[in-house]
Amino acid sequence: MTTNNFSQEDASCPAEGMLRQFSGKWKPQIFRLALDGPVRFNSLLRQLPGSNKQSVATALKEMEEADILVKTVVQEKPLHIEYTLSEKGLEMVSVFRNMEGLLG
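As the structure is a prediction and not an experimental result, all values here were calculated from the model.

Draft legend 1. Structural view of the side chain of Lys27. Examined against the element boundaries, Lys27 turns out to sit in helix H3 (residues 27-34). Here Ser23 takes part through its backbone oxygen, which lies 3.3 Å from a polar atom of the side chain of Lys27. Apart from residues no more than four positions distant in its own chain, Lys27 is found in contact with Gln21, Phe22, Ala59, Glu62 and Met63.

Structure, rendered in structure tokens:
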């Protein structure tokens, strides 16, 4: 049995909420890849060794629901879907760059 040792103060911490949005398999890597511009599902599968369709699809859906990514259906032949950082996702870039500087 696990216990939750977080206090009410921890639950209201903005950083905790942001980190929770990036918890889970593949989300940090997807975010990093989306920094360079639109990414396609199959491209993500190729760039994430060990990933599978279900886990990447779940991560994309959760990131879209959290308003970190925007899903766009591109009406070209062949029809495809691209994921880009949302406005909220773009605002998070500086936070991650700062963390990178602290850790690197």
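What follows picks up the thread again.
Draft legend 2. Structural detail: the pairing of strand E3 (residues 80-85). For strand E1 (residues 39-40) and E3, the ladder comprises two bridges, and the chain directions are antiparallel. Across the sheet, Val39 pairs through a bridge with Tyr83, a residue of E3. In the sheet, strand E2 (residues 69-74) pairs with E3 via six bridges, with the strands oriented antiparallel. Directly across from Val74, in E3, lies its bridge partner His80. Between the end of E2 and the start of E3, which pair antiparallel, lie five residues.

Draft legend 3. How the structure looks around the pattern of salt bridges. The full count for this structure, using the stated rule, is two salt bridges. In this structure, Arg20 and Glu16 form a salt bridge, with 2.9 Å as the shortest nitrogen-oxygen distance. Here Glu16 and Arg20 lie together in helix H2 (residues 14-21), a separation of four residues that amounts to about one turn. Between Lys27 and Glu62 there is a salt bridge whose closest N-O contact spans 2.7 Å. Here Glu62 lies in helix H5 (residues 53-65) and Lys27 lies in helix H3, a separation of 35 residues in the sequence. Overall, Lys27 belongs to the buried group, its relative accessible area being 6%.

Quick notes on the rules
- Residues numbered from 1 in each chain as written.
- Predicted model: local features only at pLDDT ≥ 70, side-chain atom pairs only at ≥ 80, totals over all residues.
- Heavy atoms only, no water.
- Helix = DSSP H or I, 4+ residues; strand = E, 2+ residues; numbered from the N terminus.
- Polar contact = N/O pair within 3.5 Å; in protein donor to acceptor, adjacent residues only side chain to side chain.
- Contact = heavy atoms within 4.5 Å.
- Pairing = 2+ DSSP bridges.
- Salt bridge = Lys/Arg side-chain N within 4 Å of Asp/Glu carboxyl O.
- Buried < 20%, exposed > 50% of the residue type's maximum accessible area, 1.4 Å probe, protein only.

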